[in-house]
Structure formats: C-alpha cells, structure tokens
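Chain and residue survey
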Amino acid sequence: MAGLVVVLILVLLAALAPVITAWTGWAPETFDKTAIDPNMGGLPKGAWGGIGTEHLLGVEPVTGRDVLSRILYGGQISLLIAMLATAITVVTGLVLGLLAGFLGGWADTVISRIMDLLMSFPSLIFMIAILSVVRDVNRIVLLVAVLSVFGWTVVARIVRGQVLTIKHREYVEAARVGGGMTGYILLKEILPGLTAPILVYATQAVPAYVGAEAALSFLGVGVRPPTPSWGQMINNARGWFMTDPVYLAVPCAFLGLTVLACTLLGDGLRDAFDPKAVRA
Amino acid sequence: MIVYALRRLGAIALIMLVICAITFAIFYLLPDDPALDACGKSCTSARLADVRHAMGLDQPVLTQFLSYLSGIFAGRTLGTSGLDCAAPCFGYSWQYASPVWDLLLDRLGVSASLAAGAAVLWLVVGVLLGLMAALRKGSLLDRGIVLSALATTSAPVYLIAALLIYFVILQGELLPFPDYQPVLDNPAAWVASLILPWITLAALYAAMYIRLTRASMIETMAEPYIRTARAKGLPERTVVVKHGLRSTMTPILTIFGIDLGGLLAGAMITETMFGLPGLGKLTFDAIGKSDQPVVLGVTLLAALFITLANLVVDLLYGVIDPRVRYA
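Residues numbered from 1 in each chain as written. Chains lettered and ligands numbered in written order. Predicted model: local features only at pLDDT ≥ 70, side-chain atom pairs only at ≥ 80, totals over all residues.

For the record, the criterion: UniProt positions are given in the numbering used here, feature names are shortened, and annotations may be inferred rather than shown by experiment.
As recorded by an unreviewed UniProt entry, chain B carries the name ABC transporter permease and is attributed to Nonomuraea montanisoli. The UniProt entry for chain B carries the following text under Sequence similarities (unreviewed entry): "Belongs to the binding-protein-dependent transport system permease family."

**Focus on the overall build of chain A**
To be explicit about the condition: In DSSP terms, a helix is any run of H or I states spanning at least four residues, a strand is any run of E spanning at least two, and both are numbered starting from the N terminus. A residue is called partly exposed when the number of other C-beta atoms within 10 Å of its own lies between 12 and 20, exposed at 12 or fewer, and buried at 20 or more, with C-beta atoms placed from the backbone.
In terms of helices and strands, chain A carries 10 helices and two strands. When its helices and strands are written in sequence order, chain A yields α-α-β-β-α-α-α-α-α-α-α-α. Within the span of chain A, comprising 280 residues, buried residues form 45% of the whole.

**Concerning the overall build of chain B**
Keep this limit in mind: By definition, residue pairs are in contact when their C-beta atoms, positioned from the backbone, come within 7 Å.
Each helix and strand counted, chain B has 14 helices and four strands in total. Out of the 327 residues in chain B, the part that is buried amounts to 38%. Pairs at least 24 apart in sequence give 64% of the contacts found in chain B among residues at least 6 apart.

**Regarding the domain arrangement of chain B**
Residue and element names in this part refer to chain B. The test is simple: Annotation comment: domain bounds sourced from an automatic or database domain assignment. Residue polarity is assigned by list, with Asp, Glu, Lys and Arg as charged and Ala, Val, Leu, Ile, Met, Phe, Trp, Tyr, Cys and Pro as nonpolar; anything else, Gly included, falls into the polar class.
On domain assignment, one finds that chain B holds domain 1 (2-100) and domain 2 (105-320). Taking only C-alpha atoms into account, the centre of domain 1 sits 34 Å from that of domain 2. On the domain 2 side, the residues contacting the 19 residues of domain 1 number 15 residues. At the level of secondary structure, the elements contributing two or more residues to the side of domain 1 that touches domain 2 comprise helix 1 (2-29), helix 2 (34-39) and strand 3 (92-93). For the side of domain 1 that touches domain 2, the residue count by class is 12 nonpolar, four polar and three charged.

**Regarding the confidence of the model for chain B**
Residue and element names in this part refer to chain B. Here is the rule we go by: Known as pLDDT, the predictor's per-residue confidence is scaled from 0 to 100.
Chain-level statistics for chain B give a pLDDT mean of 79 and a share of 89% at 70 or above. Ranking the elements of chain B by mean pLDDT puts helix 2 last with 64 and helix 5 (residues 100-135) first with 88. Across the interfaces of the predicted complex, the ipTM metric reaches 0.74, alongside a pTM of 0.79.

**Description of the interface of chain B and chain A**
In this assembly, 31 residues from chain B lie in contact with 28 residues from chain A. Ranked by the residues each element gives to the side of chain B that touches chain A, the list is headed by helix 14 (residues 292-320) of chain B, at seven residues. The residue makeup of the side of chain B that touches chain A, split by class, is 25 nonpolar, five polar and one charged.

**Points about the confidence of the model for chain A**
The share of residues in chain A with pLDDT of 70 or more is 84%, and the mean pLDDT across the chain is 78. Within chain A, the element-level pLDDT minimum falls on strand 1 (residues 36-37) of chain A, averaging 67, and the maximum on helix 3 (residues 67-103) of chain A, averaging 86.

**Quick word on the packing of helix 9 (residues 230-238) of chain A against helix 10 (residues 245-273) of chain A**
Relative placement of two packed helices is described by the angle separating their axes and the distance separating the axes. Residues and elements named next belong to chain A. As a reminder of what qualifies: Angles shown run from 0 to 180 degrees and are taken between the N-to-C directions of axes, each axis being a line fitted to C-alpha atoms and, for helices, limited to the stretch in contact. Each angle is binned into one of four classes, with values under 35 degrees roughly parallel, values over 145 roughly antiparallel, values of 65 to 115 roughly perpendicular, and all other values oblique. The hand of a helix crossing depends on one turn: near helix anticlockwise from the far one by less than a right angle means left-handed, and clockwise means right-handed.
Taken N-terminus to C-terminus, the directions of helix 9 and helix 10 make an angle of 155°; their axes are 8 Å apart at the nearest point. Relative to helix 10, helix 9 is oriented roughly antiparallel. For the element pair helix 9 and helix 10, the recorded crossing hand is left-handed. Counting all contacts with helix 9, which are made through Trp 230, Met 233, Ile 234, Ala 237 and Arg 238, the residues of helix 10 involved are Tyr 247, Leu 248, Pro 251, Cys 252, Phe 254 and Leu 255. Looking at side-chain class alone, the contact of helix 9 with helix 10 contains 10 nonpolar, no polar and one charged residues.

**Considerations on the UniProt feature "transmembrane region" (unreviewed entry) in chain B**
Residues and elements named next belong to chain B. When the UniProt feature table is mapped to this numbering, "transmembrane region" (unreviewed entry) covers residues 12-30, 108-133, 145-169, 189-210, 252-274 and 294-320. In the segment residues 189-210, helix accounts for 100% and strand for 0%; the C-alpha atoms at its two ends are 30 Å apart. With 100% helix and 0% strand, residues 294-320 has its two end C-alpha atoms placed 38 Å apart.

**Focus: the nonpolar core**
Rules: One nonpolar core equals one set of buried Ala, Val, Leu, Ile, Met, Phe, Trp, Tyr and Cys residues connected by C-beta atoms within 7 Å.
Grouped together as the largest cluster of nonpolar side chains are 148 residues, with contacts concentrated most on A:Ile128 and B:Tyr158. When we break this core down by domain, the ones giving at least three residues each are domain 1 (2-100) and domain 2 (105-320) of chain B.

**Things to note about the environment of B:Leu9**
Residues and elements named next belong to chain B. Assignment of secondary structure puts Leu 9 in helix 1. When the 13 C-beta atoms within 10 Å are taken as the criterion, Leu 9 is described as partly exposed. Separated by 281 residues in the primary sequence, Leu 9 and Ser 290 place their C-alpha atoms 32 Å from one another.

**Side note on helix 6 (residues 139-166) of chain A**
Applicable threshold: Take the residue count of a helix, subtract one, and multiply by 1.5 Å to get its expected span. Working definition for bend: take the seven residues up to and ending at a residue and the seven starting at it, fit an axis to each, and measure the angle between the axes.
Over its 28 residues, helix 6 of chain A runs 40 Å from end to end, which matches the ideal 40 Å to within 8%, given 1.5 Å per residue. By the largest-angle criterion, A:Val149 marks the main kink of helix 6 of chain A, which is about 35°.

**What to know about the packing of helix 3 of chain A against helix 8 (residues 182-218) of chain A**
All names here are of chain A. Contact geometry of helix 3 with helix 8 gives a least axis separation of 8 Å together with a crossing angle of 145°. Helix 3 and helix 8 meet at a crossing whose hand is right-handed. Side by side, helix 3 and helix 8 meet where Ser 78, Leu 79, Ile 81, Ala 82, Met 83, Ala 85, Thr 86, Thr 89, Val 90, Leu 94, Leu 98 and Phe 102 of the first sit next to Leu 186, Ile 198, Ala 202, Ala 205, Val 206, Tyr 209, Val 210, Glu 213 and Ala 214 of the second.

**Some points on the environment of B:Ala202**
Residues and elements named next belong to chain B. Along the chain, the position of Ala 202 falls in helix 8 (residues 187-221). Taking the C-beta count within 10 Å as the criterion, Ala 202 has 23 such neighbours and is therefore assigned buried. C-alpha of Ala 202 to C-alpha of Ala 115: the two residues are 87 residues apart in sequence and 9.4 Å apart in space.

**Considerations on the environment of B:Phe284**
Within the secondary structure layout, B:Phe284 lies in helix 13 (residues 279-288). B:Phe284 gets classed as buried once you count the C-beta atoms within 10 Å, which come to 21. When the C-alpha positions of B:Phe284 and B:Val295 are compared, they lie 8.8 Å apart, and in sequence the two are 11 residues distant. Each residue touching B:Phe284, except ones within four places of it in the same chain, is listed here: A:Leu219, B:Met268 and B:Thr272.

Written out as structure tokens, the structure is:
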C-alpha cells in the first residue's frame, strides 16, 4: 500500500513538473549565477549543496541550475522511458509467448530459439555499443527500442510456461470441445489466467528500466544533455561528490525511492494474487 | 550426460556464431568509419583509401567476416599492413596498437578477481542471512534482515560506491584509493584494492539471495518430509542443512549461474566508479573511442561467459538434485 502511494506521488510529481517549476520560478535550464560561489570553483553557496528556500533541493555546481527542477523533468524522461519500454515488452512478450505456447510446433521452435539467442546476448554491453554508434536518432525512442528488444524474452518465457500448463486444463478443453475458436479461447480462457504474473512482472520491470536508463545515461550513451535524466545527473555529480555530496545524493535518493516503492508494490500485488502466500 | 553436454556445446557454438555475425554486421554497416579515426585529422581521400586498404576494410563485408572467423582459429595477417595477429585472433585494436585478445587477457584478471571475490561474498552473506531470517521467521532479526535487504536492492550502485569511497577512503582514511595489483604480486594490496568494489557489488546482489533463500527455505521447512526427519530424531542441524538447505539450493544455483555469467557487464559501473582497469572499463573506454574490434571482442567474450555459465548450472542440477535426468 505504501508502495502504491509513493509510486503515485512520484508519477504525479513528474507529471506536474511544469506547474511546480512555474511555482518555484526555476526552469531546468535557467542558470543562477547568484547561487554559486565562483571563488570556490563554482560550488553552491551555503551548506548542503545550496539547499534553501530559493532552491529546495540545492543547485548544480558551476551552472547553478535548480536541482529540484532538473529532478522533476529528469523523472519525466526516466519514467516515460521505463513505462514505454515496459508496455512494449509486455505486449510483445504476451503475443509471442501466447503464440509459442498455444500453437507449439514450428512457431514455438522459432520463437524459443530467438529467445535463447537474445538471452545469451550480453545485453548491457550490446546496448551500449548500439547506442554509441547510432548518432542521429531520437535518444528516447532509441533507448525504449533497445531496452524492449532485450526485455520481451522474460515476459514471453513466463507466458509460454503458463500457457503450456493452462492449455490442457479441463476448462480450456471444455471450451474447445464446445466449439470455441482459437482466438476466443486465447482471449477469454487463457489470457485471464495470465493477468497476475504479468502484472507482477510489470511492477518489477518499471524500476528495472528506470535503473537501466540511469546506467546507460551514467555511462554516457543514454539521454543527451541538455535533456535532464537521473542517470546523467548522477554521472555529472560523480566528479563533485567529494566536495558536494548532496548533488550526488539527491538523484540517487529519487532513483532508490522509485525502485523501493515499485518493489513494495510488486510484492503487495504478488501476495494479493497468490492465495497460498502468507502475509509476512 | 556426456551426450547432453556435447549437444549443448554445439548449440553454444551456433549461438556464438550468430551473435558474432549480428555484432559484426552492426559495427561494419554503421556510419562510423574506423579508417577515418586511424587516418587522423589531415586526411586526404587518397590516404584514406590507402588506410582502408591496409586495414582490409575495402573488402566485401562477407570476406571480412570470414577472415575474422578464420583468424580466431588460425590467426591471420591484417589487411596488407603486414601486422601478424596470432590465433586466437579477435581482431586488432588500432587505438591501443595491440591485438584484441592480448587486451582482453590483460584485463581479464582484474574482472575475474572482482567477480570471484564479490560472488563468494554475496553468496555466503545472502544464503546465511536468508537462512537465519527463515529459521527465525517473524522475529525482530527476520524483520531487520528483510528490511535491510530491501534497502540495499533499492540503493543505486553509484550511491553505495560513493558512500564507501567518501567514508572509508576520504574521511576515514582506512584504505588507499584502489590501485589494482595482481594477486600473485602482492596479495595484501590485491585485497586492499578490491575490498570496497567487492562490498559494492555484493551489496547489489546479496539482497536477492536473502529474499530467495528465505522464501524457499520457509516453504521447504513446512514440507512433510522435514517433519518426518524431525520425527526420526535427527539433530536440528542435520534437518536444516541436509534436508532443508539442499532442496533450496537448486533455485539459488540457477540465479547464481546467470548472475555470474552476466557479471562482466554488471561490474561495468562498479569498475568505472572505482577506476579499476577491468574489462568493463576497457569496454567503456573502447566505446568512447569507437574502437570496434575491442567492443566486438568483449561482446563475444561476455556472451561466451553467459552461455557457458548456463551450461554449468544445468549440469550441476544433476549433482544437487538426483531426480534430474538429461534427455
């Protein structure tokens, strides 16, 4: 429950970024030279990374850009990428997993071999390689595409396994004997049985993708400046954390909070769906 | 089992070939021209053609690919440059002016040291804490362990690494900044340079092992055969270790194999944060310099680790769980 509330708050904060920044008066790209100390190599003025009434989460060293504003807009990008990638992997994995499990035969062979291949790929290295050589493509689209290509296999594997166990249950046999068409049986008899594992997977996939996006941006192949993203902020902060640790801690805290809240939400969902589970 | 292993090895060879072809195609069809980088700033089109010819890049892609493949087994001479690349030849890094294989071997020690130490740490800590939590289910200890596991899975690796560097190295001055030494040269310095990266990486993975061990141990200890073992009058230790833990090890082993196989890429951020000269750092630098032969080599090596780890896990199933038979 707490997980759901925090997730909703985070999504709301990101969605309301323009409203909140209009209220604080600091856009993500506005430089504030008054908030930094040129005599200290551009460190924010004041303790705790310049946190104060003017800049609620402090400012970026050298430029004086508002950290809160960049976190909110960065959250938009991070959450957008994670949710799009989750949606695409779930739909692709669902369709291909259903086909492989239900049709069997050569469809199963082809899809399973592709899954084996993708799962043997060192996906992070490969993603970095692709992202580093492809230059003139929208980074967000590219990130979603790359994450999805390697992500759907997990869903497809879960779905395929479930379909294989469900498809010989009596109620499915009954529907087939009763003259149900393949499409009808898939949609009405098999799909409902897959809701729980897929929903649980999705709540775990979102934080995984937020983390992956952060990792790729941290390694310098993700979202390009000036577009803010959490991973990129962490990468910038890496060079400053000895003198301005708050600048590193803030995006890390948001990243950690997102992962924590989604994990709690996923655990809660799994318990709710699993009649065997005892609440811990 | 031998037939099974051989068939799986055949499948691995096929997968490696396909991965090699895909990676090769992507690198060599994309606009980035390695000859242009090698040629330098004052490059004329005539010189560029010479460089391309010397590097063998003017050959058709298929010819280049086949000569790359044969180079792995037989070695080759690169283009017309006269550079010899002994087997196994995974191409030549023009940036480092060295065969890729030598670079990989050079860095492998660091990555292997990092992976091995971290894996031992997280496996021992994860299974032990998970076991303790499961046996005292519902107690304060259990809650504490579950909560800290949740906290460490959520903490980004950057934060853990930064906190360790900040408090242990900068503020506490307990350790020098990591300066990697091979284990045989100076074991103490080896440990000193790797202990923080080990902790960072282990913190990242241990939490999942705690959760997994705890969950499946709680499930196992409720099984009727555990009650039977207790009823026979076996000491609790034997019941827990020989009867309980043994069946819990199968899912843990699966995850462990997959994690270990994927650690090459997984350790990339840790290596970057601590400045360790491992394979992850090599890849990161190579990508920055668009040194494609190195990236291709690392991709193949990483894929080989992943597939081999999966095979080893599948074979070990039979050792841990005698019910498993290989068809």
